[in-house]
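# Geometric and topological summary
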Amino acid sequence: MNRFKTSKFKNTTPKIAKKDGWINNVRAGSFSSQGNHIQASSKFVVFNTEQAGGGMLGLSSVKPASDGQWTLTQISCHSDLVTDMDFSPFDESLLVTCSSDETVKLWRLCDPELQQPSSPELTLHPGHGRLELVRFHPTSSGLLAVGANKSPLIWDTSRQDTPLAVLEQHSDQLQSLSWKQDGSLLATSCKDKMLRVFDPRAQLTPVQSAKSLENNKDSRILWVKDDRLLTTGFDMMRSREVRLWDSRKLSSSVSSVTLGTSSGSVIPLFDEDTGLLILAGTGDSAVDCFEVSSSEPFLSQVSHCLTDASTRGVAMVPKLALDVMSCEVMRVLQLTDGCIVPISYQVPRKHSGQEFHDDLYPDTVGTTPAMSAEEWWQGGNKQVEKVSLHPDKKPKLKASPTKETPAKKNLASGGSKEDPARGLSTSSSPLSTPSSSAAPSRSPSTTSGLSSGFLPSPSPSQSAKAIQNMLGPSSKFRHIQGAVMHRDTHITNVQGLNLTTPGECDGFCVNGERVAVPLAISGGQIAVFERSQPGKLPNTALPTIQNSVNVVDLSWDPFDTHRLAVAGDDAKIRVWQVPEGGLTEMLTEPDLILQGHTEKIYSIKFHPLASGLLVSSSYDLTVRLWNLESGDQVDHLTGHEDQIFSMAWSPDGKLLATVCKDGKVRIYDPRKSTAPVQEGPGPEGHRGARVVWVCEGKYLLVSGFDSRSERGLYLYSTDSLSSGAIATTSLDVSPSTLIPFYDPDTSVVILTGKGDTRVHIYEVVPENPYFMECSCFNSPGPHKGLGFLPKTECNVRDVEIAVGLMLTKTTIEPVAFRVPRVKKEFFQDDLFPDTAVCWGPALSASAWLSGINGKHKKMSLKPKDMTPVSEAPKEAPVRKYLPSSVYLEEKTDEQKKDELLSAMVAKLGNMDEPLPQESFEGVDEDEWDD
């Protein structure tokens, strides 16, 4: 637009849809990432949600259903925050996502009314840390640009074992990347204030670069027309600005516009056909539209649209989905906290809605890829064929066939880390061409039937079975959701917490009735809170247990909710009895003092079956067994050479496992020998570890650190401990030891560390892959500990498989872990087998010491008024659509005439019925007055 030529888009008007045209109840997340938080294809819209710590995406359709309503559903994509996503330009159902869990996944989406795929079509493991950005190539099928923390990667998805190119590492965090429209160049912006332009096929280093940005705060970059780049970011005064650059000279900008001061980043969207630019600031309640021109003025404001709610993200609907007869040249979807608001940009024209205005709609890029990824990598520069937007000429969107082909299976079989290798060798250099590699080449004829580099998916049921066969078992708990319960159940205003308990201590302990929390008050005081009395605690001092020495560990008796064992740093164990109803006065005298260790104690554990039996570990490198009935030490285990990190009783109560700083995992049979009966190598790291028995006591699960201080899980067979771990998985880097809670009914292990905000969840199975990752739970802030309640505290009607209490700096908050299920009116007996009555002893301490073994009784968790889901009546499939014969059947003119007459008669009513006035009574003849 310039002074001599008027732009046809200068009067483009934004029209916000009416509220009944909004997509409501989206519950958008407010997570920090470099993505736009929402993306749209011609058919679907996906967006970040607050569910599962950001690992879930919301899904809906661009257009409402026939009843005018939108269907919302969710896809569990990653075990951590989904940082970015993008739809294929050649397939409206193909979505790529990347995440903080360091994976890239491709998904074949179904209609929101249908069940979404439980597993991705493909999984890539770049191995470059947290992934922030992902973009499909604009002209080639199956080609991706992936933005790791500091390195842009180019991936051919048909050769997923290694990237085509790893571009030069940036000196700071990568903030944005963008493909040029012709697919030849890739531009990036970085926190180091540098703009870089790469030609990935020519060299790994940038062909153009300059320190162009004034501020290192969040920036975005886009290719616009005439080889120009557009960036959004902040100037030296922290004002938001938009700059236009010549990609051949990045040292100075061509034009700039200041948008005012605000903390939110500016998301740019550009339409190449019209030259219109959308600018939306996160946290703002306004959306600006500019026109980008080839000459002065380069940036001209077209409109300023005020919205009802602040922006979380924005996306542009593809051109083929626009209402061209209404002169709609662009449609933007604004993501807010609770809804998605469509904003339609229309050009006012006479005869709008009646005529197609071809001057507003030049031919636009189609949906057929110009070439394969291999052809592009070998130097091809073919462009996507353009198509008309005229309603009579507009190409129809391709429907995905339901027949699965062998090629689909081959493609998907190499996607996940656990998948078998495809047997394709790759070139040693990331820039070597595919022809020099041992991988078989893909001729254009072999991909001629593809629209996006992937074969169409089968029907949902076939797809689920095929993926199950290819990827192995998937956990029924993979969509588990953690949620903090209502504030009415919280205990608040907790003051004076001891935040420096040893690493071997869980930080606090809980049972079904009360919570014990060490306080940072002289004398080793312990607060005891009744779960039956939630609410805000008074500011005045509360009655406590006066332990007289610093607390190093504490544990409730599993069979007596009033008995608390406390280990002190004076090498003594004190056993306290809390009165019925809780503490009403200071407790200063313990019921029992156990003395025998010569140095400070590490940890204590009650026996899971025998009442009054306690085990303790100490700095004197011994493990001692105590009989609380007599107050005597009954056993003394040796063999440790360094600090004892953790102890765990086996489920049957016969054996005791320990993990030690000397790098060993040991199993003891205390009634037979004071020396270990088995010994094997433990985790390499020496920062701490925990051990727990899993899979009916056949395996030991150890959480610890590797030699690089990375936290991980290690699985050992209890039959061959000396052979080492049979399976391991790495989690993250953090200084705190992961504390595991294992639920034997579901084989789910829940892990978190003191000071963490993330709770990891896995299902442990006794066969490959051993660890099946589930959705994680993110707490609002760092927690100091997480203790779990007995199974009877779970609300099975809400499908709660575990309930814990989370200790924060000032509160104790219940957290429920639920499994999403459709038929919640039925008892989910596949998730709730009969559970052990672990709150009642199976035998006494003296009986166990004499060699007798016990076993817990089991009870059903099924309420009397619920029917097991396994006995639920089978529902007959409902046909959602009429058969095609109904529509295709030819009718004669007479049939059509009869149908029309019948419809008219039905509307007017029965003509043979008397009129209402015929039943009225008149007057007699002699009553008429002449």
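Everything below is about the structure shown above.
Below you will find a few notes about this structure. (Residues numbered from 1 in each chain as written. Predicted model: local features only at pLDDT ≥ 70, side-chain atom pairs only at ≥ 80, totals over all residues. Heavy atoms only, no water.)

## Things to note about the overall build of the protein
Within the protein, the secondary structure is distributed over six helices and 68 strands. Within the span of the protein, comprising 930 residues, buried residues form 53% of the whole. By element, 48% of the accessible surface of the protein is carried by carbon and sulfur atoms, the whole surface being about 41,800 Å². (Helix = DSSP H or I, 4+ residues; strand = E, 2+ residues; numbered from the N terminus. Buried < 20%, exposed > 50% of the residue type's maximum accessible area, 1.4 Å probe, protein only. Areas by Shrake-Rupley, 256 points an atom, 1.4 Å probe, with all protein chains shown as cover.)

## A word on the sheet that holds strand E17 (residues 186-190)
Within a sheet, neighbouring strands are paired by backbone hydrogen bonds and run either parallel or antiparallel to one another. Here four strands make up an open sheet; going across it, the order is E16-E17-E18-E19 and the pairing antiparallel. Every interior strand has two partners, whereas the edge strands, strand E16 (174-179) and strand E19 (208-211), have only one. Direction aside, neighbouring strands of the sheet carry axes that sit 10° apart on average. Relative to E19, strand E18 (residues 194-198) runs antiparallel, the two being bridged by four bridges. Each residue of the ladder has a partner; that of Leu-195, found in E19, is Ala-210. (Pairing = 2+ DSSP bridges. Axes fitted to C-alpha atoms, helices over the stretch in contact; angles between N-to-C directions.)

## Some words on the side chain of Ser-618
Within the element layout of this structure, Ser-618 appears in strand E47 (residues 613-618). In terms of polar contacts, Ser-618 uses its side chain to reach the backbone carbonyl oxygen of Glu-599, at 2.9 Å. At a separation of 3.0 Å, a polar atom in the side chain of Ser-618 contacts the main-chain carbonyl oxygen of Lys-600. Beyond its immediate sequence surroundings of up to four residues, Ser-618 is in contact with His-597, Glu-599, Lys-600, Ile-601, Tyr-602 and Ile-644. (Polar contact = N/O pair within 3.5 Å; in protein donor to acceptor, adjacent residues only side chain to side chain. Contact = heavy atoms within 4.5 Å.)

## Details of the pattern of salt bridges
It is possible for side chains of opposite charge to pair when their charged atoms get near one another. Here the structure, examined in full by the defined rule, presents 35 salt bridges. Between Asp-192 and Arg-196 there is a salt bridge, and its shortest N-O distance comes to 2.8 Å. Comparing Asp-192 with Arg-196 shows no difference in burial state: the two are buried. Between Asp-337 and Arg-312 there is a salt bridge whose closest N-O contact spans 2.5 Å. Pair noted here: Asp-337 is in the loop between strand E29 (328-335) and strand E30 (339-346) and Arg-312 is in the loop between strand E27 (299-306) and strand E28 (313-316), with a separation of 25 residues, a long-range link. Looking at Asp-337, the relative accessible area reads 38%, which means it is partly exposed. You can call Arg-312 partly exposed: its relative accessible area is 29%. (Salt bridge = Lys/Arg side-chain N within 4 Å of Asp/Glu carboxyl O.)

## What about the nonpolar core?
If you look at the biggest cluster of nonpolar residues, it comprises 25 residues, and the most contacted ones within it are Ile-278, Val-329, Tyr-345 and Tyr-361. Among the elements of the structure, strand E24 (266-271), strand E25 (276-281), strand E26 (286-292), E27, E29 and E30 are those that each provide at least two residues to this core. The residues touching Val-329, leaving out its near neighbours within four places in the chain, are Phe-9, Thr-12, Asp-271, Thr-274, Leu-276, Lys-319, Leu-322, Tyr-345, Val-347, Leu-360 and Tyr-361. Core analysis: the next-biggest nonpolar cluster, separate from the first, contains 23 residues, Ile-480, Ile-801, Phe-817 and Phe-827 among them. (Core = buried A, V, L, I, M, F, W, Y, C linked by side-chain atoms within 4.5 Å.)

## Digging into the packing of aromatic side chains
What characterises a pair of aromatic rings is the spacing of the ring centres plus the angle enclosed by the ring planes. Applying the stated rule across the entire model yields 10 aromatic pairs. Taking the centre distance of 4.0 Å and the plane angle of 10° together, the rings of Phe-741 and Phe-788 count as stacked. With Phe-741 in strand E58 (residues 739-743) and Phe-788 in strand E63 (residues 785-788), the pair connects residues that are 47 residues apart, well separated along the chain. Take Phe-741: its relative accessible area is 23%, and that puts it in the partly exposed class. Residue Phe-788 is classed as buried on the basis of its relative accessible area, which comes to 14%. Taken together, the ring pairs in this structure connect Phe-741, Phe-777, Phe-788 and Phe-817 into an aromatic cluster. The ring of Phe-705 has Arg-687 sitting right over it, with the charged end atom 5.4 Å from the ring centre. (Phe/Tyr/Trp six-rings, centres within 6.5 Å; stacked < 30°, edge-to-face > 60°. Lys NZ or Arg CZ within 6 Å of the ring centre and 35° of its normal.)

## What to know about the pairing of E16
Within E16, six of the six residues are buried, leaving the element largely enclosed by the surrounding structure. Both E16 and E17 contribute to a ladder of five bridges, which runs antiparallel. In the sheet register, Leu-177 faces E17, and the bridge partner there is Thr-188. The antiparallel pairing of E16 with E17 creates a hairpin that spans six residues between the two strands, and Gly-183 there sits at a positive phi of about 75°.

## Observations regarding the side chain of Ser-303
With respect to the helices and strands, the residue Ser-303 is situated in strand E27. Taking relative accessible area as the criterion, Ser-303 reaches 9% and is therefore assigned buried.

## Remarks on the sheet that holds strand E14 (residues 152-156)
Strand order in the open sheet made by the four strands is E11-E13-E14-E15, with antiparallel pairing throughout. In this open sheet, the two strands that pair with only one neighbour each are strand E11 (131-136) and strand E15 (165-166). Where E14 lies against E15, two bridges are found, and the strand directions are antiparallel. For Leu-153, the partnering residue across the bridge sits in E15 and is Val-166.

## Some words on the pairing of strand E43 (residues 572-577)
Within a regular beta strand, the side chains point alternately toward one face of the sheet and then the other, so they alternate between its two faces. Strand direction decides the pairing type here: strand E42 (residues 560-568) and E43, joined by five bridges, are antiparallel. In the sheet register, Leu-564 faces E43, and the bridge partner there is Trp-576. Between the end of E42 and the start of E43, which pair antiparallel, lie three residues, with Ala-571 showing a positive phi angle near 70°. As paired strands, E43 and strand E44 (residues 592-595) are joined by four bridges and run antiparallel to one another. The partner of Val-575 across the bridge, within E44, is Leu-592.

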